[in-house]
Amino acid sequence: ELDRGTLTRKCKGTAETRDAVVRVGLAAVRVTDLWFTMRPRSVESVADEVVDLLTEEAFDFDQGVRLTGRSGRLWTLDIQARTPARTSLVALLATGSVAAAHRLAEHTVAAWYDLSHLREAQPRLSFLSLVDDTSDVWNEEDFKLVESLSDVRRWSRPDEVVDYLRRAA
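Residues numbered from 1 in each chain as written. Predicted model: local features only at pLDDT ≥ 70, side-chain atom pairs only at ≥ 80, totals over all residues. Heavy atoms only, no water.

## Side note on the overall build of the chain
So, point 1. When helices and strands are counted, the chain shows six helices and seven strands.
So, point 2. Ordered by position in the sequence, the α and β elements of the chain form the string β-β-α-α-β-β-β-α-α-β-α-β-α.
So, point 3. Here the C-alpha atoms of the chain give a radius of gyration of 22 Å, more than 25% beyond the 15 Å that 2.2 N^0.38 yields for 169 residues.
So, point 4. Principal-axis analysis of the C-alpha atoms gives the chain an extent of 75 × 35 × 25 Å.
So, point 5. The buried share of the chain, taken over its 169 residues, is 35%.
So, point 6. In the chain, the proportion of contacts linking residues at least 24 apart, taken out of those at least 6 apart, comes to 55%.
So, point 7. When the accessible area of the chain is evaluated, it comes to approximately 10,500 Å², of which 52% is carbon and sulfur surface.
So, point 8. Seen as two clouds, the 23 positive and the 28 negative side-chain charges of the chain have centres 5 Å apart. (Helix = DSSP H or I, 4+ residues; strand = E, 2+ residues; numbered from the N terminus. Rg over C-alpha atoms; globule rule 2.2 N^0.38 Å. Buried < 20%, exposed > 50% of the residue type's maximum accessible area, 1.4 Å probe, protein only. Contact = heavy atoms within 4.5 Å. Areas by Shrake-Rupley, 256 points an atom, 1.4 Å probe, with all protein chains shown as cover. Lys, Arg positive; Asp, Glu negative; His and termini not counted. Charge placed at Lys NZ, Arg CZ, Asp CG, Glu CD.)

## Structural notes on the pattern of salt bridges
So, point 1. With the rule as written, the count across this model stands at six salt bridges.
So, point 2. In this structure, arginine 82 engages aspartate 62 in a salt bridge whose closest nitrogen and oxygen atoms are separated by 2.9 Å. In this pair, arginine 82 sits in strand β4 (residues 74–82) while aspartate 62 sits in strand β3 (residues 60–68), placing the two residues 20 residues apart along the sequence.
So, point 3. On the basis of relative accessible area, arginine 82 is assigned to the partly exposed category, the value being 24%.
So, point 4. For aspartate 62, a relative accessible area of 35% gives the class partly exposed.
So, point 5. A salt bridge links arginine 157 to glutamate 160, with the nearest nitrogen and oxygen atoms 4.0 Å apart.
So, point 6. Residue glutamate 160 is classed as partly exposed on the basis of its relative accessible area, which comes to 37%.
So, point 7. Each of the salt bridges in this network shares a partner with another, and the network as a whole consists of Arg9, Asp19 and Arg23. (Salt bridge = Lys/Arg side-chain N within 4 Å of Asp/Glu carboxyl O.)

## Considerations on the nonpolar core
So, point 1. Counting residues in each nonpolar core, the largest one holds 20 residues, and the members touching the most others are Leu89, Leu93 and Trp138.
So, point 2. If you list the elements that add at least two residues to this core, you get β4, β5 (87–93), α3 (98–115), β6 (125–131) and α5 (140–147).
So, point 3. A per-element tally of this core places α3 first, with six residues.
So, point 4. Filtering out sequence-adjacent residues up to four positions away, tryptophan 138 remains in contact with Leu93, Ala94, Thr95, Ala101, Leu104, Val131, Asp132, Asp133 and Phe143. (Core = buried A, V, L, I, M, F, W, Y, C linked by side-chain atoms within 4.5 Å.)

## Here's the deal with the sheet that holds β4
So, point 1. Strand order in the open sheet formed by five strands is β3-β4-β5-β6-β7, and the pairing between neighbours is mixed. With one partner strand each, in any of the chains shown, β3 and β7 (151–154) form the two edges of the open sheet. This sheet shows a mean twist of 35 degrees between the axes of neighbouring strands, independent of strand direction.
So, point 2. Looking at chain direction, β6 and β7 are connected through four bridges and run parallel. Pairing of leucine 128 across the sheet is with aspartate 151, part of β7.
So, point 3. Across the sheet, α5 lies against β5, β6 and β7, angled at about 140 degrees from β7, the strand it touches most. (Pairing = 2+ DSSP bridges. Axes fitted to C-alpha atoms, helices over the stretch in contact; angles between N-to-C directions.)

## Section: unusual backbone geometry
So, point 1. Unlike most non-glycine residues, alanine 58 shows phi in positive territory, near 60 degrees.
So, point 2. For alanine 58, the position within the fold is in the loop between α2 (43–56) and β3.
So, point 3. Judged by its relative accessible area of 67%, alanine 58 is exposed.

None of this, on its own, says anything about what the molecule does.
Quick look at the structure:
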């Protein structure tokens, strides 16, 4: 039985206990299988889709770019896209977890703040926070947090992402 999120099996006496424990364990495994097959897309699939879009649109880009912040910390950004008009550093914010969404937004803000000294040396450098809004885990507070230090685009609107990357800084 499933009761308020708990799997239970009633048994009479100790003779049925072993069978009940095995059955509840098997039910837990099956529920876990269902959860993994039904959960939202993973970060890797979204990152692959972004790479596919940039490739289709013939952008010059690198993945997994590592840059040193003013604190001395090494940050890894998802994409560095270059056009004649500008260079854009892209942080992909993608998660299927409401709990992780805010932490990811805070981490991205910390990265943009620490890397902001790069804008002084490269005036045509832009920071883009690309939010995978295809899963409903983000709130307005997260968007406002990252837009304080970067431009924000939503993955559900890929044309706007391409336009942003192509336009002059």
